[in-house]
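Here's the letter readout for the chains.
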Amino acid sequence: MAGNDWVNGYLEAILDVGPGLDDAKSSSSLLLRERGRFSPTRYFVEEVITRYDETDLHRSWVRAAATARSAEERNTRLENMCWRIWNLARKKKQLEGEEAQRTASRRLEREMGRREATEDMSEDLSEGESRDAVGDILAPSDSFKGGRMRRVNSTDVMENWAAHQKEKKFYIVLISLHGLIRGENMELGRDSDTGGQIKYVVELARALGSMPGVYRVDLLTRQVSAPDVDWSYGEPTEMLNPVNSDNPQEELGESSGAYIVRIPFGPKDKYIPKELLWPHIPEFVDGALNHIIQLSKALGEQIGGGEQVWPVAIHGHYADAGDSAALLSGALNVPMLFTGHSLGRDKLEQLLKQGRQSREEINTTYKIMRRIEAEELSLDSSEIVITSTRQEIDSQWNLYDGFDPILERKLRARIKRGVSCHGRFMPRTVVIPPGMEFHHIIPPADGDADGEGERNDDSSANPDLPIWSEIMRFFTNPRKPMILLLARADPKKNITTLVKAFGECRPLRDLANLTLIMGNRDDIDEMSSTNASVLLSILKLIDRYDLYGHVAYPKHHKQSDVPDIYRLAAKTKGVFINPAFIEPFGLTLIEAAAHGLPIVATKNGGPVDIYRVLDNGLLIDPHDQQSIADALLNLVSDKHLWARCRHNGLKNIHLFSWPEHCKTYLTRITSCKPRQPQWRRTAAEFDSSGSDSSPGDSLRDINDISLNLKLSMSMDGEKLEGAGSLDNALENDAAEGKVKEENVDVTMSKGALEGSQKAGATDREDNAGAGQFPALRKRKHVFVIAVDCDTTSEFCEIVEKFIETVTKEKYAGPIGFILATSYSISEIQSLLVTGGLSPSQFDGFICSSGGELYYPSSSCEDSPSGLPFVVDLDYRSHTEYRWGGEGLRKTLVRWVASFNEKKGDGQVAADESGTTKHCYAYSVKDPASIYPVKELRKILRIQALRCNVVYSQNGTRLKVIPVLASRSQALRYLYVRWGLDLSNIVAFVGELGDTDYEGLLGGVHKTVILKGVGTSARKLHANRNFPLEHVLPVDSPNVVQSEGCSDEDIRSSLVKLKIIKG
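Residues numbered from 1 in each chain as written. Predicted model: local features only at pLDDT ≥ 70, side-chain atom pairs only at ≥ 80, totals over all residues. Heavy atoms only, no water.

(A) Molecular detail of the overall build of the protein. Of regular secondary structure, the protein possesses 36 helices and 28 strands. Within the protein, buried positions represent 61% of all 1062 residues. Taking all contacts inside the protein whose residues are at least 6 apart in sequence as the whole, residues at least 24 apart take part in 75%. (Helix = DSSP H or I, 4+ residues; strand = E, 2+ residues; numbered from the N terminus. Buried < 20%, exposed > 50% of the residue type's maximum accessible area, 1.4 Å probe, protein only. Contact = heavy atoms within 4.5 Å.)

(B) Region of the structure containing the sheet that holds strand β14 (residues 575–578). Spatially, β13-β12-β11-β14-β15-β16 is the arrangement adopted by the six strands of the open sheet, whose pairing is parallel. Because the sheet does not close on itself, it has two edges, and the strands there are β13 (551–552) and β16 (617–620). In this fold helix α20 (residues 587–594) packs onto β11 (482–486), β14 and β15 (599–602), with an angle of close to 175 degrees to the strand it touches most, β14. (Pairing = 2+ DSSP bridges. Axes fitted to C-alpha atoms, helices over the stretch in contact; angles between N-to-C directions.)

(C) Main features of a negative patch on the surface. A surface patch of negative charge is lined by D522, D523, D525 and E526. Assignment of secondary structure puts D523 in the loop between β12 (513–517) and α18 (529–544). (Patch = residues over 30% accessible without salt bridge, like charges linked within 9 Å, V, L, I, M, F, W, Y side chains within 5 Å. Areas by Shrake-Rupley, 256 points an atom, 1.4 Å probe, with all protein chains shown as cover. Salt bridge = Lys/Arg side-chain N within 4 Å of Asp/Glu carboxyl O. Lys, Arg positive; Asp, Glu negative; His and termini not counted. Charge placed at Lys NZ, Arg CZ, Asp CG, Glu CD.)

(D) Seen up close, the pairing of β15. Direction of pairing for β14 relative to β15: parallel, over a ladder of three bridges. Across the sheet, residue N578 finds its bridge partner in β15, namely A601. Once the chain exits β14 it traverses α20 before rejoining the sheet at β15, and the crossover so formed is right-handed. Bridging between β15 and β16 involves four bridges; their strand directions are parallel. (Right-handed = clockwise from strand over helix to strand, strands pointing away.)

(E) Representation of the pairing of strand β25 (residues 957–962). Burial analysis of β25 places five of its six residues in the buried class, which makes it a mostly covered element. Where strand β23 (residues 920–924) meets β25, four bridges bridge the pair, whose relative direction is antiparallel. Its bridge partner being in β25, S923 is matched across the sheet by R957. Inspection of the sheet shows strand β24 (residues 947–952) paired to β25 by six bridges, in the antiparallel sense. In the sheet register, Y951 faces β25, and the bridge partner there is L958.

(F) Focus on helix α36 (residues 1047–1056). When α36 is considered as a whole, its buried residues turn out to be I1050, S1053 and L1054. End-on, the buried residues of α36 take up no more than an arc of 100 degrees, which puts them together on one face. Of the exposed residues in α36, those oriented more than 90 degrees away from the buried face are E1048 and K1056. In this structure, the buried residues of α36 make contact with β17 (781–785), α30 (792–808), β26 (985–990), β27 (1006–1010) and β28 (1039–1042). Immediately beyond the C-terminal end of α36, within one or two residues, lies K1058, with a positive phi of roughly 65 degrees. (Arc of directions from axis to C-beta.)

(G) Summary view of the nonpolar core. Ranked by internal contacts, the top residues of the largest apolar core, which has 102 residues, are I175, F284, L289, L328, L332, V784 and L974. When neighbours within four sequence positions are excluded, F284 is seen to be in contact with I175, L177, L220, T221, I263, F265, S324 and L328. Counting 76 residues, the second-largest nonpolar core is a separate cluster that includes I542, L597, A601 and I620. (Core = buried A, V, L, I, M, F, W, Y, C linked by side-chain atoms within 4.5 Å.)

(H) Expanded view of the packing of aromatic side chains. Throughout the structure, instances matching the rule amount to 19 aromatic pairs. With a centroid separation of 6.4 Å and 75 degrees between ring planes, the pair formed by Y855 and W978 is classed as edge-to-face. One end of the pair, Y855, is in strand β20 (residues 852–856); the other, W978, is in helix α35 (residues 967–978), and 123 residues separate them in sequence. Of the residues examined, Y855 reaches a relative accessible area of 1% and is grouped as buried. On the basis of relative accessible area, W978 is assigned to the buried category, the value being 0%. Ring pairing ties together the aromatic residues F783, F802, Y811, F817 and F988, which thus form one cluster. The lysine or arginine in question, R675, covers the ring of Y881, its NZ or CZ lying 3.7 Å from the ring centre. Across from the ring centre of F1026, 5.0 Å away, lies the NZ or CZ of R1024, which sits over that ring. (Phe/Tyr/Trp six-rings, centres within 6.5 Å; stacked < 30°, edge-to-face > 60°. Lys NZ or Arg CZ within 6 Å of the ring centre and 35° of its normal.)

(I) The arrangement of the sheet that holds β28 in detail. Taking strand neighbours across the sheet as the criterion, the eight strands line up as β21-β20-β19-β18-β17-β26-β27-β28 in an open arrangement whose pairing is mixed. Bordering the open sheet on either side are β21 (869–871) and β28, each of which pairs with just one other strand. Each neighbouring strand pair of the sheet contributes to a mean axis angle of 25 degrees, computed without reference to strand direction. In the sheet, β17 pairs with β26 via four bridges, with the strands oriented parallel. Looking across to β26, one finds that V782 is bridged to I985. The sheet contacts of α36 involve β17, β26, β27 and β28, and relative to β28 the element is tilted by about 160 degrees.

(J) Spatial organisation of the packing of helix α8 (residues 281–303) against α35. Where α8 meets α35, the axes come as close as 11 Å, and the angle between the chain directions of the two elements is 15 degrees. With respect to their mutual orientation, α8 and α35 come out roughly parallel. Along this stretch, α8 crosses α35, giving a crossing that reads as right-handed. Listed contacts from α35 to P282, V285, D286, L289, N290, I293 and Q294 of α8 are R972, Y975 and V976. (Parallel < 35°, antiparallel > 145°, perpendicular 65-115°, else oblique. Left-handed = near helix turned anticlockwise from the far one by under 90°.)

(K) Quick peek at the pattern of salt bridges. By the definition in use, this model includes 42 salt bridges. Linking E383 and R675 is a salt bridge whose minimum nitrogen-to-oxygen distance equals 3.2 Å. Residue E383 is located in the loop between α12 (368–381) and β9 (384–387), and its partner R675 is located in the loop between α24 (658–671) and α25 (683–688); the two are separated by 292 residues in the primary sequence. Using a relative accessible area of 3% as the deciding quantity, one classes E383 as buried. Judged by relative accessible area, R675 falls into the buried class, the value being 10%. Three or more residues are tied together by salt bridges with common partners; here these are R182, E187, R190, D191 and D230.

(L) Broad picture of α20. Burial runs high along α20: eight of the eight residues are buried. Considered for burial, the residues of α20 that qualify are L587, T588, L589, I590, E591, A592, A593 and A594. Taken from the residues just after α20, G596 is the one with a positive phi, measuring 85 degrees.

Spelled out as structure tokens, the structure:
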């Protein structure tokens, strides 16, 4: 067959090029990336594995082996090569089979989870559940008519909308961490991290800052002061000048507008790729938290009447920023939005289908499982997930455990009928296509719409613009129509197929030129191996088809040159093409249409939605080379088709403007239930923080805090706002399903708080100065004991040793202690008594793995149990978001019964002593038989139940707590609530610990790792989604390792951290 002839021809060509694959160097791997030179072997293998099955390859091998050769070595090399390629193809088929099994298993798990969730929600909702929630999935103008988006951006409509927003003063936070971000002259295409997302977030921030009702927009990113990047990326702040603003200049305040705020985190003098940022995310979160709190105070003075102005929403872009936004949203208790841009599960499936790397190799290269977990966490925490296209929802988000379109419709239908959802939550998905800035676009002349404007215009032949000269110097005949591509030299952009289509279509070559704008480069050898390989393949193809004089591939261009490049293509009556295998959206297609260029675009992904709206070109199958050539030839050769597509694009392009995008965006934000830290601080409280305090002051005087804990602001008394939001109604549903406080621990705590309130009047007189604000804020250093020991006796010994050793040293100010463990407050009291310790020696107790927060109390007369603790009800309200309550408890009861039936009765049992309002505790008889954390979390996510799952005490205890609760998040809460300086915290942890151990290591706080402590918990981390090494900041100056727990070891660690002098 013809395919075999092609295979044989390539085999012989490879042999003619260089050494065979049986040489020592190349025998290690056939698919090693080669820098600096074209590899025909690699190119051939990729083509064969993609296009041919093993029958084809075997037939080819038989023919090749039977061919007479003059040299025996040549025969041997050819035979070995064929066998290796055949084996690779078989391996690819095996990987595809394994992936198919995983897909089928995932589908079955989802069906079972959906069935269980539906059984809990027993009402008959067949009518509502059978319909898609039209109106919840919106394009910029909310609906389509006849496949086209209706026009809504008339001046009257926009002015009416602006009038309603005018009195609002929103503060919005956007986060985009990787790549190089600046407001002007963006270096798009410099590397794979500095691409279209950078342009999107900058323009979104600038556009939002110009909208009525928006006072301040911060785009948070990484500060990079590396020698190999421009100095501007090291500037702490950069103001984004508005293009045009609907806000009168006199209404703008001192801190208003849009800003890029660069937070330092990670290696200080090094620009690193996004895959290496994961260990440094907590450090960014702490730095961003400090910025937001400080700015909220400043905005409070300017527009809040003295009250802090919190962000109305925090919006994460991409997985790393989504992870950060989830932690910030939880720390501040404000709504979160998320845009994935590119999703990890989709990328993983595409890479597995290629068959070139195993799952383990993919994870090592891309840290893909850490990325996927961040995206799952973003689904857990987000109120709104914004996508560019419907395809992203149906084909990409549908792959995640935490999102199910069918279950989402069921939940939405129940909400519309006012029926309980039993603690289940699903983020709202909204389609809002990206906008575009039109200020730099020169509208085409009227004559240009028919292509008449170019006929008597010699500017194309004698260009004045430098970028025009740079491009046109490649062409023999620069007057021919230009086929323009603007993309990185990335395999998924499918540029090589475009060049082949152009090279093999003689009529197209005769009629048009091809321009490839593939980012900026100085030297091919300095490019990444992947990008260099693609570029070298393109150069080889240009040479093979003798396309010199027909193809332009300039090395450099500025971002400001891009509009001129589009304009040049339009002047020559050219076409813009995006042949990517899959395109999440395709912002360049909108830019091209705005300049009057018809488009040829892939039929996979976002371009389908753009084409439906603009109707200005043709869609192609990116795998079909002939389809690409035919579409280009039709548009370039048919003047009437070209003119119609150009006209349609210019007529409909307004639907993708940034004002339209921002209007829909802000409308969605206002539909969210307002959330913010649920307390108020007065100026007197801040003033009192500077008053003198003795080193002995402690939160044991917590009865005075009752003056500040406003019970009237608890969730029970709030009314539902924004009836249009799914999450609004679900919040009330969660409140209805709260577990009754039958637990002795909870009753005790409630009584302690009531007792402290009764004592408030006396204490207010006797201790007004000290009690008006907690002593935590006055601590110079706070030592957090978060060691997860193997036994309770070892835990007591370590706690006692720490307190004794630390208190002997001299410090620059008062110090305090916080205990952070998986134990409940009643268990902590027993441990303190056993160890001869007093609650008054501590400032706070983070209990139940972060599910509860307590303080010592000097008054416990009214406590039923007589224990001197008081619960922080503000923290409970803070972590109430998406807590499943009774619905979650019922699901866990059902799971425990099912597990015990399979594994043996009594394997898992409810732990009543450890269960509290925000923590469901279970004891585990045999930790080796229990599901790992990732599996249990998956079971709950599939049923739309959002929570944190923690195994503690070597796997003998299981804690299920709110999704916004954890030991590390409790420390951030103390910073937000009481002003505890995170950089003054020193956390003591073991070498390993509970499954939430990793959260305690990163951030701006100091960490001392005690070598040899907690090592038996290693089995808890053996079956993780991703290796612990992918998230540990091993090179952080804030983390030191202690050789043990002796006085000298502890003291030496504190000296290294510069807490005490040596």
